[in-house]
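Structural characterization, general
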Amino acid sequence: MHSSHWHPETRVIRTRYASTEAREHSVPLFLTSSFCYPDAETMRAVFADEQEAYIYSRFSNPNVDEFVQRMCALEGAEDGFATASGMSAVFASIMAFLQQGDHLLSSAAIFGSTHTLFSKYLPKWGIRCDEFDMRHPEQIEKLIRPETKMIFLETPSNPGLDIIDIKQVAEIAHAHGLLLNVDNCFATPALQQPIALGADLVVHSATKWIDGQGRVLGGIVLGKKALIHEVYLLCRTMGPSLSPFNAWMLSRSLETLHLRMQQHSANAWELARRLQSHPSVRQVRYPFLESHPQYAIARKQMTAGGGIVCFELKGGLAQGKRFLDALQMLSLTANLGDTRSIASHPASTTHAKLTEEERLAVGITPGLIRISVGLEHVDDIYADIEQALEKSEH
Ligand SMILES: *Cc1c(COP(=O)(O)O)cnc(C)c1O
C-alpha cells in the first residue's frame, strides 16, 4: 500500500522491498552475489533487458534497491544508483557524463578528496576543471566555455559552510545547456532538496548524516531516469556498488533521518549562539545565524541549519591544537554526522593537501575548528567545549 499524499517521513518508512514468503515485518538482509532463474528462456530475457529481474549484486540487489527507492522518495528523484562511498558517487556522477576534452566548473569550496579528484585525476583523462567562488555566483557565467558540460557544487560546503543559491545556479546551468550536480551531504534531503530547486543530479556521502551513527560507508547518485541509466551503465561495468549489508543499515537509518536532523540542527543552533558570545572565539559560522554572509539564501532553501558549526579561535593554530587536546567528551575523528559530537581541525587533516593559499580562499583559516554536533544534551556538549576553550587560552 502506497499513497502519493504521504509526507516524506511516512514515505521513507513505508517504502520497502516486498516481503518474502515468510511475510517478515522488517526487511531481511539479502547477502547474495547473484540471483537464480526458473529456466534458460527467462534467463535469456532478463539478460536481454526484456524482463526485469535481479541478475548480480554489482548491478542491483533488493537491499540496495530499497535504499535507492527510499532516497528517491526523500529527494524527489526519479531514480538513483547507490555506491560504496560518497567519493565513488562523486566520481561516477562525473565520469558517466564527461569525456576527454570536456570542461567541468566547480565551486572552490568542496570536500578535500573531491578537490583532489578534480585537480589531480580528472586532468589525467583530459577533463579540465575551473573553480568559482561561491560568494560570487556572477563569476560562473564568465567561466563557461564551449566545452563546459557540468557545474558541480556543495552547499553548505565542507567545512566552511559557504552557501550558494541552488535555483540561481540551476538557471545559469540550464541557460547554457549544462548539467547541475549538487553534493547534498551537509544538508541531507531532510533539510534541502536540490532537485526541486532545479538540480539535475544530487550526490551524497551516505557515510555521514544518512547513516548518522558512524558505522558504514556508502554513497548515492540521484536524478532523472535517463541520467541515472548512464550512471548505472558505467557502474555495473566499473563496480563501485554498495554492499547489501551497508544498504540494509542505511535503509534503517533513513527511517529516523528527519527526527535526527531536527535535533542535530536544534543542538547546533543553540551551540552556535552560545559560542558567539564566548571571548576566545573570533567568529562563529552557522547557516542559520544572522551573521552568516548567505543567511538569507540559507533561510530560503533550507528548513534548518544542519548539524555543523565552525568557529575561529583568536589564538590561531597553536590554540586550535591546545583546544583539541583539552576536550574530554567530544571525539577527535575524521568523520562527521554522528550521534556523538566530533571536533576536527580541517587545516591539518581533511584539507591538509590544499595549499595555504587554497585553504584561505575557501575560508579555512589556521584556527578554524569544525564541530559536528551530535545528539548528546546540548548543555553537555557546550560544557566540554567551554572547559577546553578555557584551558586552551594558556
Ligand atoms: C565525506 C564527504 C564526501 C565523501 O564521502 P565518503 O563516503 O567519505 O567517500 C563527499 N562530499 C562531502 C561533502 C563529504 O563530507
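Residues numbered from 1 in each chain as written. Predicted model: local features only at pLDDT ≥ 70, side-chain atom pairs only at ≥ 80, totals over all residues. Heavy atoms only, no water.

Regarding the overall build of the protein chain
- Looking only at helices and strands, the protein chain features 14 helices and 12 strands.
- Relative to the globule expectation of 21 Å for 394 residues, the C-alpha radius of gyration of the protein chain, 22 Å, shows essentially globular dimensions.
- Burial analysis of the protein chain (394 residues in total) assigns 56% to the buried set.
- In the protein chain, once contacts between residues fewer than 6 apart in sequence are set aside, the share between residues at least 24 apart is 73%.
- Carbon and sulfur atoms make up 53% of the accessible area of the protein chain, which amounts to about 17100 Å² in all.
- Taken together, the 36 basic and 44 acidic charged side chains of the protein chain have centroids lying 2 Å from each other. (Helix = DSSP H or I, 4+ residues; strand = E, 2+ residues; numbered from the N terminus. Rg over C-alpha atoms; globule rule 2.2 N^0.38 Å. Buried < 20%, exposed > 50% of the residue type's maximum accessible area, 1.4 Å probe, protein only. Contact = heavy atoms within 4.5 Å. Areas by Shrake-Rupley, 256 points an atom, 1.4 Å probe, with all protein chains shown as cover. Lys, Arg positive; Asp, Glu negative; His and termini not counted. Charge placed at Lys NZ, Arg CZ, Asp CG, Glu CD.)

What about the packing of helix α3 (residues 62-75) against helix α9 (residues 244-254)?
- Packing of α3 against α9 leaves a shortest axis separation of 8 Å and a crossing angle of 35°. In the crossing of α3 with α9, the sense of the turn from one axis to the other is left-handed. In contact with Asn63, Val64, Glu66, Phe67, Arg70, Met71 and Leu74 of α3, α9 contributes Pro244, Ala247, Trp248, Leu250, Ser251, Arg252 and Leu254.
- Tallied by class, the residues present in the contact of α3 with α9 amount to nine nonpolar, two polar and three charged. (Axes fitted to C-alpha atoms, helices over the stretch in contact; angles between N-to-C directions. Left-handed = near helix turned anticlockwise from the far one by under 90°. Nonpolar A, V, L, I, M, F, W, Y, C, P; charged D, E, K, R; others polar.)

Observations regarding the site of the ligand
- Taken together, 13 residues lie around the ligand, and Gly86, Asp183, Ser205, Thr207 and Lys208 are the ones closest in.
- Between the ligand and the protein, one listed contact pairs an oxygen atom with a backbone N or O atom of glycine 86 at 2.8 Å.
- Within the side chain of aspartate 183, an N or O atom sits 2.7 Å from a nitrogen atom of the ligand.
- Relative to its unbound accessible surface of 380 Å², the ligand loses 93% to contact with the protein.
- Residues belonging to the shell around the ligand are distributed by class as follows: four nonpolar, six polar and three charged. (Near = heavy atom within 4 Å. Polar contact = N/O pair within 3.5 Å; in protein donor to acceptor, adjacent residues only side chain to side chain.)

A short note on the nonpolar core
- Of all hydrophobic cores here, the largest spans 85 residues; its most connected members are Phe67, Ile151, Leu180, Leu275, Phe311, Phe323 and Ile385.
- When residues of this core are sorted by domain, at least three fall in each of domain 1 (3-30 + 61-254) and domain 2 (257-392).
- In terms of nonpolar packing, the next biggest core, distinct from the first, is built from 25 residues, Leu104, Cys129, Phe152 and Val203 among them. (Core = buried A, V, L, I, M, F, W, Y, C linked by side-chain atoms within 4.5 Å. Domains from an automatic or database assignment.)

What to know about helix α12 (residues 316-326)
- Within α12, burial applies to Gly316, Gln319, Gly320, Phe323, Leu324 and Ala326. Buried residues of α12, seen end-on, are gathered within an arc of 165° and therefore sit on one face of the element. Exposed side of α12, more than 90 degrees from the buried face: Lys321 and Asp325 are the residues found there.
- Those residues of α12 that are buried are in contact with β9 (308-313), β10 (331-332), β11 (342-344), β12 (368-372) and α14 (378-392). (Arc of directions from axis to C-beta.)

Side note on the pattern of salt bridges
- This model, assessed by the stated rule, comprises 20 salt bridges.
- The residue arginine 145 makes a salt bridge to aspartate 130 at a minimum N-O spacing of 3.4 Å. Note that arginine 145 is positioned in the loop between α6 (139-143) and β4 (148-154) and aspartate 130 in strand β3 (residues 128-132), a separation of 15 residues in sequence.
- When its relative accessible area of 28% is taken as the criterion, arginine 145 is described as partly exposed.
- A residue is classified by how much of its surface remains accessible, and aspartate 130, at 21% relative accessible area, is partly exposed. (Salt bridge = Lys/Arg side-chain N within 4 Å of Asp/Glu carboxyl O.)

Observations concerning the side chain of glutamate 312
- By secondary structure assignment, the location of glutamate 312 is in strand β9.
- Residue glutamate 312 is classed as buried on the basis of its relative accessible area of 8%.
- Discounting residues that sit within four places of it in the chain, glutamate 312 has contacts with Ser280, Val281, Arg282, Gln283, Thr365, Gly367 and Leu368.

Concerning the domain arrangement of the protein chain
- With domains assigned, the protein chain is organised as domain 1 (3-30 + 61-254) and domain 2 (257-392).
- Taking the mean C-alpha position of each, domain 1 and domain 2 sit 24 Å from one another.
- Domain 1 puts 39 residues into the contact, and the matching count from domain 2 is 41 residues.
- Where domain 1 abuts domain 2, roughly 3300 Å² becomes buried across the two surfaces, and 61% of that area is made up of carbon and sulfur atoms.
- Of all residues in domain 1, Ile163, Leu191 and Trp209 give up the largest surface area on contact with domain 2, accounting jointly for 25% of the area buried on that side.
- Here domain 1 is connected to domain 2 by one salt bridge.
- Applying the counting criterion to the domain 1 and domain 2 interface returns 17 residue pairs in polar contact (both at pLDDT 80 or more). (Buried area = accessible area lost by both parts, 1.4 Å probe.)

Points about the side chain of asparagine 181
- By the element assignment, asparagine 181 lies in strand β5 (residues 179-183).
- The exposure class of asparagine 181 is buried, given its relative accessible area of 0%.
- Reaching out from asparagine 181, the side chain makes a polar contact with the side chain of serine 93 at a distance of 2.9 Å.
- Non-local contacts of asparagine 181, meaning those with residues more than four positions away in its chain, are made with Ser93, Ile94, Met150, Ile151, Phe152, Leu153, Leu201, Val202 and Val203.

Overview of the sheet that holds β11
- Reading across the sheet, the five strands line up as β8-β9-β12-β11-β10 and stay open at both edges, with mixed pairing between neighbours. Bordering the open sheet on either side are β8 (281-285) and β10, each of which pairs with just one other strand.
- Here β11 runs beside β12; their pairing, made up of three bridges, is antiparallel. Across the sheet, serine 344 pairs through a bridge with arginine 370, a residue of β12.
- Where α12 meets the sheet, its contacts fall on β9, β10, β11 and β12, and the angle it forms with β9 comes to roughly 125°. (Pairing = 2+ DSSP bridges.)

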